[in-house]
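Single-letter residue listing:
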Amino acid sequence: MTNIKNSEEYRKNLTPLAYQVTRHGATEPPFSGEFYNHKSSGLYLCICCGTKLFSSVDKYDSGTGWPSFKDTLSKQNIKETEDLSHNMVRTEVKCASCDAHLGHLFNDGPLPTSKRYCINSVSLAFKEF
Ligand code: FE
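To keep things clear, this report deals only with the structure shown in the data block. Bear in mind the structure is a predicted one, so any value in this text is a computation, not a measurement. Counting from 1, residues in each chain are numbered in the order their sequence is written. In keeping with the predicted nature of the model, local features appear solely for residues at pLDDT of at least 70, side-chain atom pairs appear and are counted solely at 80 or more, and the whole-chain, interface and lining totals rest on all residues. Just so you know, side-chain values use all the structure's heavy atoms and leave hydrogens and water out.

**A few points about the packing of aromatic side chains**
Classification of ring pairs uses Phe, Tyr and Trp, with its six-membered ring standing for Trp, and accepts pairs whose centres are within 6.5 Å; under 30 degrees between planes counts as stacked, over 60 as edge-to-face, and the remaining range as tilted. On inspection of all chains with the given rule, the structure shows 7 aromatic pairs. Plain terms: the ring middles of Phe 31 and Tyr 36 are 5.4 Å apart, the flat faces sit at 85° to each other, and that makes the pair edge-to-face. Judged by centre distance (5.2 Å) and plane angle (70°), the rings of Tyr 44 and Phe 69 are edge-to-face. Placement of the pair is Tyr 44 in strand S1 (residues 42-46) and Phe 69 in strand S4 (residues 68-69), with a sequence separation of 25 residues. Only protein chains enter the accessibility calculation, which uses a 1.4 Å probe; a residue whose area is less than 20% of its type maximum is buried, one above 50% is exposed, and one in between is partly exposed. Residue class for Phe 69 comes out buried when judged on its relative accessible area of 0%. Through a chain of ring-to-ring contacts, the aromatic side chains of Phe 35, Tyr 44, Phe 54, Phe 69, Tyr 117 and Phe 126 assemble into a single cluster. A helix here means a DSSP run of H or I that spans at least four residues, while a strand means a run of E at least two residues long, and both kinds are numbered starting from the N terminus.

What follows is the structure in structure tokens.
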């Protein structure tokens, strides 16, 4: 089920950077976000709609400066699409419910998944277990 609001509502409820990242696919500067070095146990939710996206259980330190996860909480809550921007072939990761841009998926993560979900801090809210 999709849950997309109009852009005025997003603009009102998000910081300018979170708005640019989630609704227009921008990227926060590395090592700048709230969560790249965040180690508490809990769930990471979509900042726009509250959908549960990632768990601290799958979070690891990739050294990139963005929160990185080796898996999603539930495949159904995430949408993965091909992104050909900036002369690169990448997999874009979005919230399946509200279409918020979250980040990108790379295949150089830790075993056994080898996945690295590279996610903007500003796209996430945190809820302790
Ligand atoms: Fe969402």
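**A look at the pattern of salt bridges**
Pairing is possible between side chains that carry opposite charge, provided their charged atoms lie close to one another. Put simply, a salt bridge is a Lys or Arg side-chain nitrogen that is within 4 Å of an Asp or Glu carboxyl oxygen. On inspection of all chains with the given rule, the structure shows 7 salt bridges. As a salt-bridge pair, Glu 8 and Arg 11 come within 3.6 Å of each other at their nearest N and O atoms. Of this pair, Glu 8 and Arg 11 both sit in helix H1 (residues 7-13), 3 residues apart, roughly one helical turn. Each of Lys 79, Lys 94 and Asp 99 takes part in a single network of salt bridges with overlapping partners.

**Observations regarding the coordination of the iron ion**
Protein coordination at the iron ion comes from Cys 46 (SG), Cys 49 (SG), Cys 95 (SG) and Cys 98 (SG), with a distance range of 2.3 to 2.4 Å. Sites may look incomplete because water is not among the atoms; the donors themselves are N, O and S atoms within 2.8 Å of the metal, or within 3.2 Å for Na, K and Ca. In these descriptions, tetrahedral denotes four donors with every angle between 85 and 135 degrees, square planar four donors and octahedral six donors with opposite donors over 155 degrees apart and the rest between 65 and 115, and irregular any other case. One can describe the donor arrangement at the iron ion as tetrahedral, given that its 4 donor atoms subtend angles of 102 to 113° at the metal. In terms of primary sequence, the donors binding the iron ion are separated according to C-x2-C-x45-C-x2-C. Of this pair, Cys 49 sits in the loop between S1 and strand S2 (52-55) while Cys 98 sits in the loop between strand S6 (90-95) and strand S7 (101-106); the two residues are 49 residues apart in sequence, bridging distant segments of the chain. In this structure Cys 49 comes out as partly exposed when scored by relative accessible area, which is 24%. Judged by relative accessible area, Cys 98 falls into the buried class, the value being 0%.

**Side note on the sheet that holds strand S5 (residues 78-83)**
Remark on secondary structure: sheet strands pair via backbone hydrogen bonds, oriented parallel or antiparallel. DSSP calls a pair of strands paired once it identifies at least 2 bridges connecting them. Within the open sheet, the 6 strands sit side by side as S3-S4-S8-S7-S6-S5. Their pairing is antiparallel. Where the open sheet ends on each side, the last strands, each with one partner, are strand S3 (59-60) and S5. Relative to strand S8 (residues 116-119), S4 is paired through 2 bridges, and the arrangement is antiparallel. What sits directly across from Phe 69, in S8, is Tyr 117.

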